[in-house]
Amino acid sequence: MGSRLIDIADEAGVSEATVSRVLNGRGGVNEETRRSVLEIARRRGRLSARQPAVSHERTVGVMVPDLDNQVFSVWLERIEAHLHASGAALLVGMRARTPERERETLDRFLLAGVNGVIMVSGFHARAEVPLEAYRDVTRAGIPLALVNGVRDDIDAAFVSSDDAHAIDVSMHHLRELGHRVIGLAVGDEHTWPVRRKVAAFEASGSAVERPIAFTDFSYGGGYEAAVELVRLGATAIICGSDVMAAGALEGLASVGLSVPEDVSVIGYDDVPWAALTTPPLTTVRQGVDAMARAAVRVALRGGEESRRPLRTELEVKPQLIVRASTGAAPGSVTRRAARADVGTGASGR
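Because the structure is a prediction, the values reported are computed rather than measured.

### Examining the overall build of the protein chain
Link 1 in the chain: When its secondary structure is counted, the protein chain shows 12 helices and 12 strands.
Link 2 in the chain: Relative to its full complement of 349 residues, the protein chain shows a buried share of 49%.
Link 3 in the chain: Contacts spanning at least 24 positions in sequence make up 70% of the contacts within the protein chain whose residues lie at least 6 apart.
Link 4 in the chain: For the protein chain, the exposed area adds up to about 16,300 Å²; of that, 51% sits on carbon and sulfur atoms.

### Let's talk about the sheet that holds strand β5 (residues 157–161)
Link 1 in the chain: Strand order in this open sheet of 6 strands is β2-β1-β3-β4-β5-β11, and the pairing throughout is parallel. Looking along the sheet, the strands with just one partner apiece sit at the ends: β2 (89–94) and β11 (312–316). Ignoring which end each strand starts from, the neighbouring axes of this sheet average 15° apart.

### Concerning the nonpolar core
Link 1 in the chain: Counting 47 residues, the largest nonpolar core has Trp 75, Ile 79, Ile 118, Ile 237 and Val 265 as the members making the most contacts within it.
Link 2 in the chain: No other element matches the 8 residues that helix α11 (residues 288–299) contributes to this core.
Link 3 in the chain: Leave out the neighbours within four places in its chain, and Ile 118 touches Val 60, Gly 61, Val 62, Met 63, Ile 79, Ala 145, Val 147, Ala 295, Val 296 and Ala 299.
Link 4 in the chain: Ranked by size, the runner-up nonpolar core spans 22 residues in total, among them Leu 106, Met 119, Ala 125 and Ala 156.

### Some details on the confidence of the model for the protein chain
Link 1 in the chain: Per-residue pLDDT for the protein chain has a mean of 87; in total, 87% of the residues score no lower than 70.
Link 2 in the chain: Every residue in residues 303–307 is under pLDDT 50, and counting partners more than four places away or in other chains gives 4 contacts.

### As for the sheet that holds strand β8 (residues 236–239)
Link 1 in the chain: In space, the 6 strands of this open sheet follow the order β7-β6-β8-β9-β10-β12, with mixed pairing throughout. Each edge of the sheet is formed by a strand with only one pairing partner; in this case those strands are β7 (212–214) and β12 (319–321). Going across the sheet, the axis of each strand differs from the next one's by a mean of 20°, ignoring polarity.
Link 2 in the chain: As judged from the 3 bridges shared by strand β6 (residues 182–186) and β7, these two strands associate in the parallel manner. The residue bridging Val 186 from the neighbouring strand is Phe 214, located in β7.
Link 3 in the chain: Where helix α7 (residues 163–176) meets the sheet, its contacts fall on β6, β8, β9 (264–269), β10 (282–285) and β12, and the angle it forms with β9 comes to roughly 160°.

### Quick word on the packing of helix α1 (residues 5–12) against helix α3 (residues 31–43)
Link 1 in the chain: Taken N-terminus to C-terminus, the directions of α1 and α3 make an angle of 130°; their axes are 10 Å apart at the nearest point. Considered as vectors, α1 and α3 are oriented oblique to each other. In the packing of α1 onto α3, the handedness of the crossing is right-handed. Across from Ile 8, Glu 11 and Ala 12 in α1, the residues of α3 making contact are Ser 36, Val 37, Ile 40, Ala 41 and Arg 43.

### Thoughts on α1
Link 1 in the chain: Inspection of α1 places Asp 7, Ile 8 and Ala 9 among the buried residues, and these make up the whole buried set.
Link 2 in the chain: The inward-facing, buried residues of α1 abut α2 (16–23) and α3.

### Concerning the environment of Pro 211
Link 1 in the chain: Tracing the backbone through its elements, the reader meets Pro 211 in the loop between α8 (192–202) and β7.
Link 2 in the chain: What makes Pro 211 buried here is its relative accessible area of 14%.
Link 3 in the chain: In sequence terms Pro 211 and Ala 234 are 23 residues apart; their C-alpha atoms lie 7.6 Å from each other.
Link 4 in the chain: Setting aside residues no more than four positions away along its own chain, Pro 211 makes contact with Val 181, Ile 182, Gly 183, Leu 184, Phe 201, Leu 229 and Leu 232.

Conventions adopted
- Residues numbered from 1 in each chain as written.
- Predicted model: local features only at pLDDT ≥ 70, side-chain atom pairs only at ≥ 80, totals over all residues.
- Heavy atoms only, no water.
- Helix = DSSP H or I, 4+ residues; strand = E, 2+ residues; numbered from the N terminus.
- Buried < 20%, exposed > 50% of the residue type's maximum accessible area, 1.4 Å probe, protein only.
- Contact = heavy atoms within 4.5 Å.
- Areas by Shrake-Rupley, 256 points an atom, 1.4 Å probe, with all protein chains shown as cover.
- Pairing = 2+ DSSP bridges.
- Axes fitted to C-alpha atoms, helices over the stretch in contact; angles between N-to-C directions.
- Core = buried A, V, L, I, M, F, W, Y, C linked by side-chain atoms within 4.5 Å.
- pLDDT = per-residue confidence, 0-100.
- Parallel < 35°, antiparallel > 145°, perpendicular 65-115°, else oblique.
- Left-handed = near helix turned anticlockwise from the far one by under 90°.

Given below as structure tokens:
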């Protein structure tokens, strides 16, 4: 079979110039055409069977805080999967512990020539942090997707989990179980996701007491918050992350309390190990796949489009996953009914 440019172009139904652009890794060719040309070129022996069908100018810079919290590993895996399906590559930055370090990473993304940037739980979530580094990205004409944190003072795409809905479904679940003192364990109160959770929590009705513990989104933070909240009378605790919830389980055990017999615990994220804790963790599952897909769509929208998209906001509703770490409140009607059923041998089957 012929492997000349004209042979490939004839079979693909495109011009020789288009074939040349694809084989030389240049832009200006839509994804479907690029894949078709590469497949034909490979079949005709023009490309090595091992040559990747990835256009190297399509690279997206993605920044996550760290990989200690497994939810960020899940974010990277889902973003990479959607980028791969679109024929694009991934450049990763992490551990930006300060705004200055975050800016350095963004500058490196720009120097590397990325075609889009996705920031997962970055400093954009803090209202007091200036946004000049983000504006440098948008001024360069590079699409920017900011995950879990909305700012009014920058034109970007914002993709967020609906924290208010997460609190609402958690509170409803716990109230149905008879809990009347429900605590909230969260991190830095100056961050956008925490402010959203706290606002929803405080607006969740007057039928229950609602103490709040501000620590940090860590195992130690969850441990500390749980001990503080049960001292304030909480029989149920909603945590801002699964890592915090795991710490809360340990903190409650340290003061001789059982979960869920004495205190119920709800996490947030539904990381892969959440079902493996003792007891398995009731948690709020973020729609990471849907959010990652939306962020990738934003990051790859440049190049072939003639107009730069306007500011957009997308909020994805999470889902409550009920496992064994939540149960009826001590002394509640639900708990007494459950004990009566056990005493009489009733099984409900």
